[in-house]
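Structural description and commentary
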Amino acid sequence: MNKSNEISNLRHALNYMGQVEVKKFIALLALANLGDNKPFELIHLSLIRAKFCELMGQAKSLSNNPPTGFLLGLFSLLDALLDQPMQGIVEKLPIGGNIKAALCGDESDLRQFLSLIRAFEAGYWNGVANISKQLSLDLKMTQAFYNESLKWGIAMKQCASG
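Within every chain, residues take consecutive numbers counted from 1 along the sequence as written. Totals for whole chains, interfaces and linings use every residue, but because this is a predicted model, local features are given only for residues with pLDDT of at least 70 and side-chain atom pairs only at 80 or more, for both listing and counting. With hydrogens and water set aside, each side-chain value is computed from the structure's full complement of heavy atoms.

**Things to note about the overall build of the chain**
Secondary structure elements are taken from DSSP: a helix is a run of H or I of four residues or more, a strand is a run of E of two residues or more, and numbering for both begins at the N terminus. Secondary structure summary: the chain contains 10 helices and 0 strands in total. Traced from its N-terminal end to its C-terminal end, the chain shows the element sequence α-α-α-α-α-α-α-α-α-α. Throughout this description, buried means an accessible area under 20% of the type-specific maximum (1.4 Å probe, protein chains only), exposed means over 50%, and partly exposed covers the range between. Each of the 162 residues in the chain was classed as buried or not, and the buried ones make up 39%. Contact criterion: two residues are considered in contact whenever any of their non-hydrogen atoms come within 4.5 Å of each other. For the chain, contacts bridging at least 24 residues in sequence account for 59% of all contacts bridging at least 6. When the accessible area of the chain is evaluated, it comes to approximately 9000 Å², of which 54% is carbon and sulfur surface. The method behind every accessible area is Shrake-Rupley, applied with a 1.4 Å probe, and residues are considered shielded solely by the protein chains displayed.

**Regarding unusual backbone geometry**
Peptide bonds are mostly trans, and most non-glycine residues show a negative phi. Backbone geometry places Asp83, a non-glycine residue, at a positive phi of 55°. Mapping Asp83 onto the fold places it in the loop between helix H5 (78–82) and helix H6 (86–92). Taking relative accessible area as the criterion, Asp83 reaches 59% and is therefore assigned exposed. Phi angles above zero are rare outside glycine, and Ser136 is one such case at about 60°. Tracing the backbone shows Ser136 in the loop between helix H9 (125–134) and helix H10 (139–160). What makes Ser136 exposed here is its relative accessible area of 63%.

**Side note on the confidence of the model for the chain**
Across the chain, each position has a pLDDT score giving the predictor's confidence in that residue, from 0 to 100. On average, the chain scores 81 in pLDDT, and the residues at 70 or more come to 74%. Across the chain, the element-wise mean pLDDT spans from 48 in helix H1 (residues 10–17) up to 97 in H9.

**Side note on the packing of aromatic side chains**
Two aromatic rings are characterised by how far apart their centres lie and by the angle between their planes. Two aromatic rings from Phe, Tyr or Trp, using only the six-membered ring of Trp, form a pair when their centres are within 6.5 Å; if the ring planes differ by under 30 degrees the pair is stacked, by over 60 it is edge-to-face, and anything between is tilted. Enumeration according to the criterion identifies 5 aromatic pairs in this entry. Judged by centre distance (6.2 Å) and plane angle (80°), the ring pair of Phe70 and Trp152 falls under edge-to-face. You can see Phe70 sitting in helix H4 (residues 68–75) and its partner Trp152 sitting in helix H10, a full 82 residues away along the chain. Seen in terms of ring centroids, Phe120 and Trp125 are 6.2 Å apart; in terms of plane orientation they differ by 70°. Their pairing is edge-to-face.

**Observations regarding helix H3 (residues 40–59)**
Residues three or four positions apart in an α-helix share a direction because the helix packs 3.6 residues into each turn. Given a helix with a known number of residues, its expected span is that number minus one, times 1.5 Å. The end-to-end C-alpha separation of H3 is 29 Å, in line with the 28 Å expected for 20 residues at 1.5 Å each. Within H3, 15 of the 20 residues are buried, leaving the element largely enclosed by the surrounding structure.

**Notes on the nonpolar core**
In plain words, nonpolar cores are sets of buried Ala, Val, Leu, Ile, Met, Phe, Trp, Tyr and Cys residues tied together by side-chain atoms within 4.5 Å. Grouped together as the largest cluster of nonpolar side chains are 38 residues, with contacts concentrated most on Phe52, Met56, Leu72, Phe75, Leu103 and Leu116. Every element with two or more residues in this core is listed here: H3, H4, H5, H6, helix H7 (97–103), helix H8 (109–122), H9 and H10. Among the elements that line this core, the one with the most residues is H3, at 9 residues.

**Observations regarding the side chain of Ser149**
With respect to the secondary-structure elements, Ser149 resides in helix H10. A relative accessible area of 0% means that Ser149 is categorised as buried. With residues near it in sequence (within four places) discarded, Ser149 still touches Ile48, Lys51, Phe52 and Leu55.

Below is the structure:
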């Protein structure tokens, strides 16, 4: 990167990266700091979930500002990272009510995103097929999203480990 392209302030970062990407980056930094004393695998799994839910959100035409799907997946393991009940954690977070409700278990399409990724993680293939159908999404598409999310998560893990 040459000197004229270096990001020197927040306004430049917003212009260069875009507001949504800066929000994602800030959320990633916050999550990394929260998980200092936890196994990195929890953060890695949160990153995979974030990418998966982002792709699901795009397929379901959710707004990307704020990055609803991404934040949902990213924060889905905060209870494990902080050793606190999810309900208490989300009350303190400045995120949308729909994300808070999904994280706390209220039924919605967003909650189904989390149920779907958990089915993938557990290898519960009937659940994957059923939830994909409930969301009116092609099974091959959701499988491709999961594979893409795994690859992205591995790339992020490699970046973090230097």
